[in-house]
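Listed below are the residues making up each chain.
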Amino acid sequence: MTSAMAYFARHKDELGVYNLDGNDAIVKMASPYVAVWSPDGQRIASVTDDGVVVSDIPDPLAADGMDTRIFADSSQHCRNLSWSESGRWLVSHRPLDKEKGGTEGDNITVWDPEDGTIKLQCKHNRSVRNNWPVMKWTKDERFMMYLSATGEVQLYDGEFRKSAPLATFPLGHVTAAAWAPLCLRNNAIVYRVALFAAEGHNDDLSVSRPAEVMILQAATAKGPKEQIELRHTLEERAEEAELHWGPSGDCMLLHTSTSVDDTGQSYYGGTHLYSVSKQAGVHRITDCTRGDGPGDQSKPLGTIVAISWSPNKDEFIVISGSSPYMITLWVWSQHTQVVDKVMTVAQTLHRNTIRWNTFGSLVCLGGFGNLAGDMDFYHRSADGAKPTLTRVSSAKAPCTVDVEWAPDGRHIITGILAPRMRVDNGLKIWNGLTGKEVAGSSMADLFQVAWRPTGEECEDITPEEFAKQEEVAATTGAGKKQAYRPPGARGGGAEPPNPPKMAPPPAPKPAPKGDEAKPKDDKPDEKPAPVAFRNGSPPDIAPPSRPPETKPPPPQKPPPAAPPEAAAAMAAAAAEEKPPQPMPVEKGKGDKGDKGDKGDKGVGKGGAATPPIGKGGPPATGPGMAHPEAKGNWKPDFSGKGMDPFGWEKGGPYGGADAAAWAYWNSMSDKGYGGYPEMWGQRPPSMPMGGKGKGGDPYGGGGP
C-alpha cells in the first residue's frame, strides 16, 4: 500500500512528495501558495504564479510520469482550494481586493479538473475563513449546497446539469451548514442537512434575533423535497457554531460560542454543547450523566475546548473546563435517544486536540499551540457494551502546529509550521502504538504537510497488536503518573553528578551538669537566631522539619572536607552502622592565646557538636590567618580575628565560629561554639558555647 504511506511537504523552496522511509523527495514541483490532495490521492491541486494547477501524481511514486495542467483564466491570487467528495470537481476562491471596493467579478469558480473547464461561477464578498468550503457535496455527489454571503443556502444539482439553483432553504442568516450522512427511508435515500442561524444584534449590540438550529430534509433521489424535521430557537446566546454529525446520522452535536461569557468565568467567551436529533429534540449536554432533563442544567461542562466523534461509532470525546482540562467519553444511544457519559478519561490534563485514526481504534489526545506538545495514544476497546479508552503510549512534539493520522491508522505526522512558528520548522512521524519517532526532517519555512489519501482498503490494528503493546505499557509503567525527574536524568542526556555524601547526624550528648552548664561570662544564654541559607536549605540536604522533596535540588558545591582525624572516626562509625564516637583530644596547655599564636589553652569546655569534643586543641594555622581551603574572599589578619575560611561570601570577623558553615552564623560573638564547626543548621540549645580564646584551632574546643 504505497500511496497510504506517502506525504507531501510544502516549504519555501519546493513542494516535495516523500515516502515514509525516505529522506529525499521523489516528486518535486515549484513551491505553490496553497496545495491540497484529491480525495483519491491521485492528484494535487495547487496555486502558483501561473494560476490554478492540477498535477497527476504517479502511484507508486516515481520521479517521472507527473502530468501537469494549468487552468486558463485562473488567478494566481487564489488562496483557497477544495475538492468535491469523490474528487469530481475542484473549487477555488480568490479574495476580493479591498482597495477596489469589491467591484471585481466572480471570485468563486467550480472547475472540471480533467480539462480545466468552468462549471459554475459566483461572487462571494464575505470572508470564508470560518466556514470554508462554502460549497459542499453529498457523499454520492448527487446534490451540492452553497452558503452564500447573504446567509442564504442554495441547493444545486451535483452534476451541474442545471446552472440555476434547484431550491433555497427556508432559513435565513445562516452561518453554518452541514450535510448529514446518507440514510435510507422506505428503501429510498434521503438527503438531510443541518443549518444554524446566528443571533442578530442592534446598533447598541443588544440581541435583536435569537439563534436558531434546523434539521431539514432537503431532497430525495428523485429531486428536491423540503421537509422541516426540527426547528429550535436557542435560549442561550450564540454568535458562532460548529455542526458535528455522528456517523449514523441520527444525532448531531451543536457547539455554540459567544465572544463574551455572561457568567464571567472565562476570558475567552462562553460556550455551550447541545445534542440535536429529530426524535429527542435539542438538549444541552451537562456534566451529569444525561442531558435530557431540566435538572441536569445545574452543572454545565464549562468551556468546550475540543470535541470529536469517532469515525464509525456514535461515540465522542469532549475536552472541557479550564486548564488543565477534563477529558470525557460520551455515547449516543439510538434506543434511548440520550447522551450518556461513560468514562472520564482524565480529570486534569493539558490537552486541547483530539485526533481519531481512520478506524476509530486509536485516538491521539495532544496539547499543542501554547501547550507543551505532549501526546497520549489511547486504544478504544469495549468492556462488554461499555466502551473504554486505555493508554498504550505517549510522546512529546513541542511547538506542533498541525497533526494528522496516516491512512493506515498506525502512523501520525506532526509539523512545526510557518508562519505560526518561524524557527525549528520541520516534521516528525510517530508510531501511535509505541509512541516512538520513526522519521523526521527539518525544513526552513515549512508551511504545510499532508498524508496522501488512498482508495485502497487498509487493515485496522489487530487485537493482538494492541494486547502486546498494552502489556509493554503495563510493564514500563506507561499511563501511570511518574515522579518528577530533572531533564538531565530522563534518559538520553548526561547523568546528573552524584551528590556529596554527608556525615551522619551526631549522637546526642547528655546535658551538662553543675558549673559546666553555665556560660563562662555574665551574659545569659541566648538562643541563636536561625541561619538563613541561600536556597532555604543546605545544598542537597532537606531541612529536618520538612518532608523529603521528590524533586532533587540542583547540584551544589560539596562541603569542605573534615579533618583527617574526624573523617577517619566518622568512616569507621559508618562502617559499623553506629553513631560516631567522640575522638579524644589532648588537653591544651599554655596561656590565653591573645594573638592566635599559640591557641593551646582554650578556656572553653567544648560544645555538643559532632566530634571532636575537647578542651583545647592544636595550634591554629597561623596568627589569625584564614584557612587555605577558603572559598570566599579573605586576607591575612593578625588581629586575632581571622576570616571565615569556608564561607561562600566574605567571612565574618570571628573565623573560629562555624568555620565550615554554608551561611553566616547570625549569633557570632567573641565566643567560640567549640567542637567540630561544620554545622548544617543553627546550634541546638543544648550546645553550650565555647571559651573566649581569640586564636584557637577552629576545629578544636577552644574559642576563636
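Residues numbered from 1 in each chain as written. Predicted model: local features only at pLDDT ≥ 70, side-chain atom pairs only at ≥ 80, totals over all residues. Heavy atoms only, no water.

A. Molecular detail of the overall build of the protein chain. Scanning the protein chain for helices and strands turns up 2 helices and 39 strands. Just so you have it, the protein chain exposes about 35600 Å², and 50% of that area is on carbon and sulfur atoms. (Helix = DSSP H or I, 4+ residues; strand = E, 2+ residues; numbered from the N terminus. Areas by Shrake-Rupley, 256 points an atom, 1.4 Å probe, with all protein chains shown as cover.)

B. Main features of the nonpolar core. Among the nonpolar cores identified, the biggest contains 20 residues, and Phe196, Leu234, Leu243, Met252, Leu254 and Val276 are the most heavily contacted of them. Taken together, the elements giving at least two residues each to this core come down to β16 (174-179), β18 (188-197), β21 (212-220), β23 (240-245), β24 (252-257) and β25 (271-277). For this core, the leading source of residues is β23, giving 3 residues. Counting 19 residues, the second-largest nonpolar core is a separate cluster that includes Phe143, Val153, Ala167 and Phe169. (Core = buried A, V, L, I, M, F, W, Y, C linked by side-chain atoms within 4.5 Å. Buried < 20%, exposed > 50% of the residue type's maximum accessible area, 1.4 Å probe, protein only.)

C. Region of interest: unusual backbone geometry. Cis geometry is found at the peptide bond from Trp132 to Pro133, where omega equals 5°. Structurally, Pro133 is set in the loop between β11 (117-122) and β12 (135-137). Residue Pro419 is bonded to the preceding Ala418 through a cis peptide linkage, with omega at 5°. Looking at the element boundaries, Pro419 is found in the loop between β36 (411-416) and β37 (426-431). Even without glycine at this site, Asp73 takes up a positive phi of about 65°.

D. Highlighting the pattern of salt bridges. Summed over the entire model, instances satisfying the criterion amount to 20 salt bridges. The salt bridge involving Glu85 is made with Lys139; its shortest N-O contact spans 3.7 Å. Taken together, the residues Glu85 in the loop between β8 (80-83) and β9 (90-93) and Lys139 in the loop between β12 and β13 (143-147) connect sequence positions 54 residues apart. For Lys139, a relative accessible area of 62% gives the class exposed. Salt bridges linked by common partners bring Arg43, Asp56, Asp67, Arg69 and Glu114 together as one network. (Salt bridge = Lys/Arg side-chain N within 4 Å of Asp/Glu carboxyl O.)

E. Expanded view of the sheet that holds strand β3 (residues 27-30). If you walk across this open sheet you meet the 4 strands as β3-β2-β1-β39, and the pairing is antiparallel. A single partner strand is all that each edge strand has here, and the edge strands are β3 and β39 (446-451). Strand-to-strand, the axes of this sheet are offset by a mean angle of 15°, without reference to chain direction. For strand β1 (residues 6-11) and β39, the ladder comprises 5 bridges, and the chain directions are antiparallel. Within β39, the residue paired with His11 across the bridge is Leu446. (Pairing = 2+ DSSP bridges. Axes fitted to C-alpha atoms, helices over the stretch in contact; angles between N-to-C directions.)

F. Structural context of the pairing of strand β27 (residues 304-309). Of all 6 residues in β27, 5 are buried, a share of seventy percent or more. Between the end of β27 and the start of strand β28 (residues 315-320), which pair antiparallel, lie 5 residues.

G. Seen up close, the side chain of Thr258. Positionally, Thr258 belongs in the loop between β24 and β25. Only 2.9 Å separates the side chain of Thr258 from the backbone oxygen of Val260, close enough to count as a polar contact. Discounting chain neighbours no more than four positions away, the residues touching Thr258 are Arg237, Ala238, Glu239, Tyr268, Gly269 and Gly270. (Polar contact = N/O pair within 3.5 Å; in protein donor to acceptor, adjacent residues only side chain to side chain. Contact = heavy atoms within 4.5 Å.)

H. Representation of the environment of Ser266 within the structure. Counting through the fold element by element, Ser266 comes out in the loop between β24 and β25. Among the residues examined, Ser266 registers a relative accessible area of 16% and is labelled buried. Residues Ser266 and Ser322 lie 56 residues apart in sequence; the distance between their C-alpha atoms is 8.3 Å. The contacts of Ser266, once residues within four sequence positions are left out, are Asp261 and Thr303.

I. View of the sheet that holds strand β38 (residues 436-442). In spatial order, the strands read β35-β36-β37-β38; together these 4 strands make up an open sheet with antiparallel pairing. The sheet terminates laterally at β35 (402-405) and β38, the two strands that pair on one side only. The mean angle between the axes of side-by-side strands here comes to 15°, regardless of whether they run parallel or antiparallel.

J. Highlighting the environment of Ile307. Structurally, Ile307 can be placed in strand β27. Sequence spacing of Ile307 and Leu273 is 34 residues, and the spatial spacing of their C-alpha atoms is 9.5 Å. The residues contacting Ile307, other than those within four sequence positions of it, are His244, Leu253, His255, Leu273, Phe316, Ile317, Val318 and Ile354.

K. Looking closely at the packing of aromatic side chains. The final tally for this structure, using the stated rule, is 11 aromatic pairs. Where Trp137 meets Phe160, the ring centres are 6.2 Å apart and the plane angle is 75°; that geometry is what we call edge-to-face. Taken together, the residues span a long stretch of sequence, with Trp137 in strand β12 and Phe160 in the loop between β14 (153-157) and β15 (167-168) at a distance of 23 residues. The same class applies to Trp137 and to Phe160, which are both buried. The structure contains a cluster of three or more aromatic residues connected by ring pairs, namely Tyr7, Tyr18 and Trp451. Lying across the ring of Tyr33, Arg79 places its NZ or CZ 4.3 Å from the centre. Seen from the ring of Trp89, Arg88 lies directly overhead, with NZ or CZ sitting 4.1 Å from the centre. (Phe/Tyr/Trp six-rings, centres within 6.5 Å; stacked < 30°, edge-to-face > 60°. Lys NZ or Arg CZ within 6 Å of the ring centre and 35° of its normal.)

L. Inspection of the environment of Asn23 at higher detail. Relative to the helices and strands, Asn23 is located in the loop between β2 (14-19) and β3. By relative accessible area, which is 65% here, Asn23 ends up exposed. The sequence separation of Asn23 and Ser441 amounts to 418 residues, and the corresponding C-alpha distance is 7.4 Å. Apart from the residues within four sequence positions on either side, Asn23 is in contact with Tyr18 and Gly440.

M. The side chain of Glu229, seen in detail. Mapped onto the elements of the fold, Glu229 is located in strand β22 (residues 223-233). Judged by its relative accessible area of 12%, Glu229 is buried. Reaching out from Glu229, the side chain makes a polar contact with the side chain of Arg192 at a distance of 3.2 Å. Setting aside its immediate chain neighbours within four residues, Glu229 contacts Arg185, Arg192, Ile215, Leu216, Gln217 and Lys278.

N. Seen up close, the confidence of the model for the protein chain. With 64% of its residues at a pLDDT of at least 70, the protein chain reaches an overall mean of 77. Per-residue pLDDT stays below 50 along residues 516-545; that stretch engages in 48 contacts with residues further than four places along the chain or on separate chains. Ignoring residues within four places in sequence, the model shows residues 599-704, a span with pLDDT below 50, making 271 contacts including any to other chains. (pLDDT = per-residue confidence, 0-100.)

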